[in-house]
Structures are given as C-alpha cells and as structure tokens.
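# Results of the structural survey
Okay, here's what each chain looks like letter by letter:
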Amino acid sequence: MASRPKQAEPRPAPRLYLITPPVTDADRLAAELGTALEAADVAAVLLRLGGDDERTQVNHIKALAPAVQDKGVAFLLDGHPDLVARGGADGAHLAGIDAFSAALEQLKPERIAGVGDLTTRHDAMLAAETGADYILFGDPDVPFAATQERVAWASELFELPCAAFANAADEITPLVASGADFIALDFVWRDPRGVVAAVADIGQHLRLPETVP
C-alpha cells in the first residue's frame, strides 16, 4: 500500500460499478446487461445471487458471465468466493474484513478480491495492506455524509482504487468530487425508464468537476 503522490497526475473520470438485483431469470438479466453495458463506461458488474441451491447458483453465474466479460467488463460475485472459479467469474466482493481475509487464499492472485462493509479506518487500511483490489464505502443503510467523508479520506491516503455506493443520482456528483474512482449503484434497476436508459443518462453526466486536479 502506498499513499497517493502529492503531485498526482490528473485522475481519470470515475467509472460505473453496476450491482444487480438478486438473479431470478438469468436469460432476461443477461439480455439487459448486454445492452446496459454499451450505454456507459462500466468497469464491473456485481452479481447478487438468490437463495437457490448451489447448482442453480453456478448455472446462473455461467449463464451471465459471457454477457459481461465479452464487453471487457469485470464480473464479480457478491460473496460466494467458493463459486467464483466454478462459475467462471472474475472475482468476488466480500462484506467485512473477516470475510475478506478468509477468502484471500481462494481468490488471490488470479482473481479479484474487493471488500466493503469496512466499519473502521483501521479495517480499510488493513484491507489495503493485505491485498484488496479495491475498497468500497457506503450502502443503503449508511448515511451519505459518512460515505462521502470516508471516500475523501481514502482517496487522499491510498493508491488503491476506491468505490463509493450511491443510493440516488444526486449523490453521484458529490462522490466524484470526493475522489471516488468507481460509483457503485443498484437504483438503475428500479428506474421507470428501464435500466438501459438510466445507465445511459448517468454515463452522460459522469464527469470530474473542473476543480478536481
């Protein structure tokens, strides 16, 4: 882990990190993802698996992986590090430092290991020091001000990419200004215009403020 250089190069505009609803119809979700990923600059898709049996879960992963990976987008599982290799995913996102630490041996170095639900700054630093590929701050139950503050802190301290969860479109610009490298979101699936239109609209407005170096 290294701190960001004081004279940093201008950072690129952040990219989107789409979080799916729990999968129930893999074919329909694959079709939606295939189109949505062409609508904006999406770096990764996080698949939420439903409460199906393990064989069904693996089949869902295998059915969805090509729709994501063929677009050059990373395909991650929300938890389930034991299913990553079996399903052909690129990695997993773990909730909390304990789950992350327990999954490292299964995932690294070949696959992506990301982590969220970091309740303390110490946990975030520990994740960075032990091989996290990114850290994510925020979720629907965390106050937005707390997420924004933690993102600003991490973006100044770490070279490690920082993702920020946005509950609504009006949270995206403040998170970008705070230094988020990725904007994680799931509200696009609830947009009455449809997920493709929602992703396209966000992509058009995902810009760095002029005041950010």
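Above this text you will find the structure in question.
Values in this document were obtained by computation on a predicted structure and should not be read as measured data.

The secondary structure content of the chain amounts to eight helices and eight strands. Principal-axis analysis of the C-alpha atoms gives the chain an extent of 50 × 40 × 30 Å. Across the 213 residues of the chain, 49% fall into the buried class. Across the chain, every contact between residues at least 6 apart in sequence was considered, and the portion connecting residues at least 24 apart equals 59%. Looking at the chain as shown, the accessible area adds up to about 10200 Å², and 51% of this sits on carbon and sulfur atoms. Seen as two clouds, the 17 positive and the 32 negative side-chain charges of the chain have centres 2 Å apart.

What follows is about the sheet that holds strand β3 (residues 74-78). The eight strands lie next to each other as β1-β2-β3-β4-β5-β6-β7-β8, forming a closed barrel whose pairing is parallel. Direction aside, neighbouring strands of the sheet carry axes that sit 25 degrees apart on average. Pairing analysis gives four bridges linking strand β2 (residues 42-47) to β3, with the strands arranged parallel. Its bridge partner being in β3, Val45 is matched across the sheet by Phe75. The strands that helix α4 (residues 97-107) touches are β4 (91-95) and β5 (112-116); relative to β5, the one it contacts most, it runs at about 175 degrees.

Okay, the pattern of salt bridges next. For the structure shown, the criterion picks out eleven salt bridges. The residue Asp186 makes a salt bridge to Arg48 at a minimum N-O spacing of 3.1 Å. Of the two residues, Asp186 sits in the loop between β8 (182-185) and α8 (195-205) while Arg48 sits in the loop between β2 and α2 (54-69), which places them 138 residues apart along the sequence. According to the relative accessible area criterion, Asp186 is buried, its value standing at 8%. Several salt bridges share partner residues, and in doing so they unite Arg48, Asp186 and Arg190 into one network.

Further remarks concern the pairing of strand β6 (residues 134-137). Going residue by residue along β6, you find Tyr134 and Leu136 tucked away on one face and Ile135 and Phe137 tucked away on the opposite face as well. The β-α-β motif built from β5, the intervening helix α5 (residues 121-129) and the parallel element β6 has right-handed crossover chirality. Two elements, β6 and strand β7 (residues 162-166), share three bridges in a ladder whose sense is parallel. Considered in β7, the bridge of Ile135 is made with Cys162.

Turning our attention to unusual backbone geometry. Here Lys108 and Pro109 are connected by a cis peptide whose omega angle stands at 5 degrees. The residue Pro109 is located in the loop between α4 and β5 in this model. One non-glycine residue with positive phi stands out, namely His80, at about 55 degrees. The residue His80 is located in the loop between β3 and α3 (84-87) in this model. His80 sits in the partly exposed class, given a relative accessible area of 28%.

Further remarks concern the packing of helix α1 (residues 26-36) against α8. Closest axis-to-axis distance for the α1/α8 pair is 9 Å, and the angle between their directions is 25 degrees. Taken as axis vectors, α1 and α8 run roughly parallel relative to one another. α1 and α8 meet at a crossing whose hand is right-handed. Contact residues: Glu32, Thr35 and Ala36 in α1; Val195, Val196 and Val199 in α8. Of the residues that constitute the contact of α1 with α8, the class distribution is four nonpolar, one polar and one charged.

Another aspect to go through is α2. Between the first and last C-alpha of α2 there are 22 Å, a value that for 16 residues agrees with the 22 Å anticipated at 1.5 Å per step. Within the sequence span of α2, burial applies to Gln57, Val58, His60, Ile61, Leu64, Ala65, Ala67 and Val68. On the buried face of α2, the contacting elements are α1, β2, β3 and α3. The opening residue of α2, the one whose side-chain oxygen lies 3.1 Å from the backbone nitrogen of Arg55, is Asp53.

What counts, and where the lines are drawn
- Residues numbered from 1 in each chain as written.
- Predicted model: local features only at pLDDT ≥ 70, side-chain atom pairs only at ≥ 80, totals over all residues.
- Heavy atoms only, no water.
- Helix = DSSP H or I, 4+ residues; strand = E, 2+ residues; numbered from the N terminus.
- Buried < 20%, exposed > 50% of the residue type's maximum accessible area, 1.4 Å probe, protein only.
- Contact = heavy atoms within 4.5 Å.
- Areas by Shrake-Rupley, 256 points an atom, 1.4 Å probe, with all protein chains shown as cover.
- Lys, Arg positive; Asp, Glu negative; His and termini not counted.
- Charge placed at Lys NZ, Arg CZ, Asp CG, Glu CD.
- Pairing = 2+ DSSP bridges.
- Axes fitted to C-alpha atoms, helices over the stretch in contact; angles between N-to-C directions.
- Salt bridge = Lys/Arg side-chain N within 4 Å of Asp/Glu carboxyl O.
- Right-handed = clockwise from strand over helix to strand, strands pointing away.
- Parallel < 35°, antiparallel > 145°, perpendicular 65-115°, else oblique.
- Left-handed = near helix turned anticlockwise from the far one by under 90°.
- Nonpolar A, V, L, I, M, F, W, Y, C, P; charged D, E, K, R; others polar.
- Expected span 1.5 Å × (residues − 1).
- Polar contact = N/O pair within 3.5 Å; in protein donor to acceptor, adjacent residues only side chain to side chain.

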